[in-house]
Amino acid sequence: MFEALTPVSEMLTRNLDILSRQPLLVCGLLEDRLPSLLAEAGPAPRVFTTDFRYFQWQQDQGLADIEFGTSPAPRTAAGLLLLMPKAKAEAEYLLAACLPLLAAGAPVFIAGDNKGGVKSAPKLLAPYCAQINKLDSARRASLYQAELTTLPAPFALADWISRYPLAEEQLQICALPGVFSAAHLDSGSRLLLKTIASLKGRVLDFGCGAGVIGASLLKRHPDMTLECIDINALALEASRTTLAENRLEAKVYASDGLSQVSGKFNHIITNPPFHAGLRTFYHTTETLLSSAADYLLPGGSLILVANAFLPYPELIEKSFGHCETLAATGKFKIYRARR
């Protein structure tokens, strides 16, 4: 899954002598076995990830010092390597969460794809570092190096929560950087919520994001039992906060696809992800469509919104034997299949 090195990591292998001088705290867009390369070249790094799938994979590979959550544990780090995430706001968040663990003079590195925002590294580091140097550039990727000169304030998660009202549902939606639907209700989810009529029983919100869909459904159908899953720690925390601030209750937990889910549901509702990092990524949704029927009670339904161009009806028909189109716009379609 993560075995092949990304172009960013291939570029970083040219700089292992510098990157392995101290045990770095590594975070951000982790997509391969870079931590093991750092460990082979010098002191083993400490890895922090918000991606549950990557966390599980590294644990299976035997990486001992890896953490999954919204911020790393409060213990001192010798330096930081940030692999530039897709969203600049998430990079700002990760720097604010990790840099307080460093001492003055500690090395700070930012690496990433040239098309993925890494060129903003000098601006991102300016509040913390007096001088930022471009250390390397290859494979359409760049590496920046700096030294921590201004110690940041202690990290507080609450400072990073943003909010917006969902007037039609009388809800307050809470989000964290990089989480889907962080600033407003996206048009796909809006169409999905408009289309769903009534729900009851046990309901799964697959890929819960900021909790918009789950909170809206609970508000309309307070007697249903809701579970919300995602692979992203920031999304899970955003969903928990959205539910709590609206006095709604649901079980919220990390799951790689349906792997951590137990039992069967009356309904699985989803606006599934199809981007991972900078790449288009369909594997999670394709796996869901092929296995969802096994997680539904007799008469239960899978309801999802998807971009109209995606070939999901064929996959749904292959798994369920049929696929209904409940609604459609120029960009999105709502599909339903019953067990």
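Residues numbered from 1 in each chain as written. Predicted model: local features only at pLDDT ≥ 70, side-chain atom pairs only at ≥ 80, totals over all residues. Heavy atoms only, no water.

(A) Molecular detail of the sheet that holds strand β11 (residues 225–230). Spatially, 7 strands are ordered β12-β11-β10-β13-β16-β18-β17 in an open sheet, and the strand pairing comes out mixed. This sheet does not close on itself; its edge strands, each paired only once, are β12 (251–254) and β17 (324–328). For this sheet, the mean angle separating the axes of adjacent strands, direction not counted, is 20°. Where strand β16 (residues 296–307) meets strand β18 (residues 332–338), 7 bridges bridge the pair, whose relative direction is antiparallel. Following the sheet pairing, A306 is matched in β18 by K333. Strands β16 and β18 of the sheet are contacted by helix α11 (residues 312–320), whose axis makes an angle of about 5° with β18. (Pairing = 2+ DSSP bridges. Helix = DSSP H or I, 4+ residues; strand = E, 2+ residues; numbered from the N terminus. Axes fitted to C-alpha atoms, helices over the stretch in contact; angles between N-to-C directions. Contact = heavy atoms within 4.5 Å.)

(B) Structural context of the sheet that holds strand β3 (residues 66–68). The 7 strands lie next to each other as β3-β2-β1-β4-β5-β7-β6, forming an open sheet whose pairing is mixed. In the strand order of this sheet, the two ends are held by β3 and β6 (129–138), each with one partner. Strand-to-strand twist across the sheet, computed as the mean angle between neighbouring axes with direction ignored, equals 20°. Pairing geometry for strand β4 (residues 80–83) and strand β5 (residues 107–113), over 4 bridges, is parallel. Looking at the pairing, L83 lines up with A111 of β5. Most of the contacts of helix α4 (residues 52–60) go to β3, to which it runs at about 150°, and overall it touches β2 (46–49) and β3.

(C) Up close: the side chain of S20. Mapping S20 onto the fold places it in the loop between α2 (16–19) and β1 (25–28). For S20, the contacting residues outside a window of four places in its chain are L38, A41, G42 and P43.

(D) Here's a closer look at the pairing of β6. Judged from the 7 bridges that link them, β6 and strand β7 (residues 141–148) form a sheet pairing that is antiparallel. The residue bridging I132 from the neighbouring strand is A146, located in β7. Counting the residues that bridge the hairpin from β6 to β7 gives 2 residues, and of these R139 lies at a positive phi of roughly 55°.

(E) Structural detail: the nonpolar core. In terms of nonpolar packing, the biggest core is built from 94 residues, with L12, L80, L81, L83, L95, L102 and I269 touching the most fellow members. It is helix α5 (residues 88–98) that provides the largest number of residues to this core, a total of 6 residues. Counting 23 residues, the second-largest nonpolar core is a separate cluster that includes I229, A293, L304 and L310. (Core = buried A, V, L, I, M, F, W, Y, C linked by side-chain atoms within 4.5 Å. Buried < 20%, exposed > 50% of the residue type's maximum accessible area, 1.4 Å probe, protein only.)

(F) Inspection of the environment of L191 at higher detail. Mapped onto the secondary structure, L191 falls in helix α7 (residues 187–195). Judged by its relative accessible area of 13%, L191 is buried. Residues L191 and L29, spaced 162 residues apart in sequence, show a C-alpha to C-alpha distance of 31 Å. When residues no more than four places from it in sequence are discounted, the contact partners of L191 are A327, T329, F332 and I334.

(G) Focus on the pattern of salt bridges. Tallied over the full model, the rule gives 12 salt bridges. The partner of R46 in a salt bridge is E67, and the shortest N-O contact between them spans 2.7 Å. In this pair, R46 sits in strand β2 while E67 sits in strand β3, placing the two residues 21 residues apart along the sequence. Each member of the pair, R46 together with E67, is buried. (Salt bridge = Lys/Arg side-chain N within 4 Å of Asp/Glu carboxyl O.)

(H) Highlighting the state of the cysteines. Within the structure shown, the criterion is met by 0 disulfides. Left without a disulfide partner, C129 is nearest to the cysteine sulfur of C98, which lies 13 Å away. The class of C129 is buried, set by a relative accessible area of 3%. C174 forms no disulfide, and the closest cysteine sulfur to it belongs to C208, at a distance of 13 Å. (Disulfide = S-S within 2.5 Å.)

(I) Representation of the side chain of S301. Secondary-structure assignment places S301 in strand β16. Other than its neighbours up to four places away in sequence, S301 contacts N266, H267, I268, L296, R336, A337 and R338.

Geometry only, nothing functional implied.
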